[in-house]
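# Structural features, examined
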Amino acid sequence: MKQEFYELTNPQKPIWLTEQYFTGTAVNTICGYTFITDVVHFDILKKAIYEMVKSNDGMRLKIEIKNNVPSQYVSEFEPFYIPTVELASKEELEQKSLEVANTSLFQVNETLFQFILFKLPDGSGGFIISVHHLIR
C-alpha cells in the first residue's frame, strides 16, 4: 500500500518549531495516568489500549523529514510493546509519572506516544500515557 504524506497543519507547525528549538527535551510531552482502584486484568487493559490506538488515526501519526521539511502520515496499526512496572505505592506512581513526563518522545518515523502499565501490591493499577503534542 502506498503511503500518503500530509503537510503539518497550521496548529502543528509551531509545535514542530518548538520541537526543533528544544530538541531532545520533553517540552511537547503531555503525560498523565489512569488509576483503577479494583484489581486490574492487565491482559484486558492491554487489549483495550490496542483497540483505542487501532481505531484512532491521530494516535498512529508519524513524522518523516524530506528535504528538511516535516510531513506526517498515518501508519498501519501494529501491536506495540507496553511494559508493566510494579510499584510499591502511589508515591512511586507519582515519581514514575514525572520520570515519563520528562522524557522526550520525538523520533522520526516512530510512534508519538508511550503507554506503561503499572501494578500496585494490592492488585490495583492502571496505565501511564505519554503523548507528543503533535498528535492533535
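Details of the structure are given in the entry above.
What you are looking at is a predicted structure, and each value in this text was computed from that prediction instead of being measured.

In this section: the sheet that holds strand β4 (residues 69-74). The sheet built from 3 strands is open, its strands ordered β1-β4-β3 with antiparallel pairing. Of all the strands in the sheet, just β1 (6-7) and β3 (61-66) have a single pairing partner and so form its edges. Where helix α1 (residues 12-21) meets the sheet, its contacts fall on β1, β3 and β4, and the angle it forms with β3 comes to roughly 65 degrees.

Here the focus is the layout of surface pockets. Vacant regions in the atomic arrangement are exposed by a probe of water-molecule size rolled over the atoms. Taken as a whole, the largest pocket holds about 150 Å³ of empty space. Taken together, V53, M59, R60, K62, S75, E76, F77, E78, P79, F80, T111 and F113 form the lining of the largest pocket. Looking at the lining of the largest pocket residue by residue, the class counts come to 6 nonpolar, 2 polar and 4 charged.

Taken as a whole and judged by the stated rule, the model has 12 aromatic pairs. Aromatic pair Y50 and F80: ring centres 5.0 Å apart, planes at 75 degrees, arrangement edge-to-face. Highlighted residues: Y50 in helix α2 (residues 42-55) and F80 in the loop between β4 and β5 (84-86), separated in sequence by 30 residues. Here Y50 and F80 have matching classes, each one buried. The structure contains a cluster of three or more aromatic residues connected by ring pairs, namely Y50, F77, F80, F113, F115 and F127. Above the ring of F5, the side-chain terminus of K66 is found at 4.0 Å from the ring centroid.

Calculation notes
Residues numbered from 1 in each chain as written. Predicted model: local features only at pLDDT ≥ 70, side-chain atom pairs only at ≥ 80, totals over all residues. Heavy atoms only, no water. Pairing = 2+ DSSP bridges. Helix = DSSP H or I, 4+ residues; strand = E, 2+ residues; numbered from the N terminus. Contact = heavy atoms within 4.5 Å. Axes fitted to C-alpha atoms, helices over the stretch in contact; angles between N-to-C directions. 1 Å grid on protein atoms, 1.4 Å probe; cavity = no way out; pocket = protein on both sides within 12 Å on 5 of 7 lines; lining within 4 Å. Points joined across faces, edges and corners; volume = space filled by probe spheres on them. Nonpolar A, V, L, I, M, F, W, Y, C, P; charged D, E, K, R; others polar. Phe/Tyr/Trp six-rings, centres within 6.5 Å; stacked < 30°, edge-to-face > 60°. Buried < 20%, exposed > 50% of the residue type's maximum accessible area, 1.4 Å probe, protein only. Lys NZ or Arg CZ within 6 Å of the ring centre and 35° of its normal.

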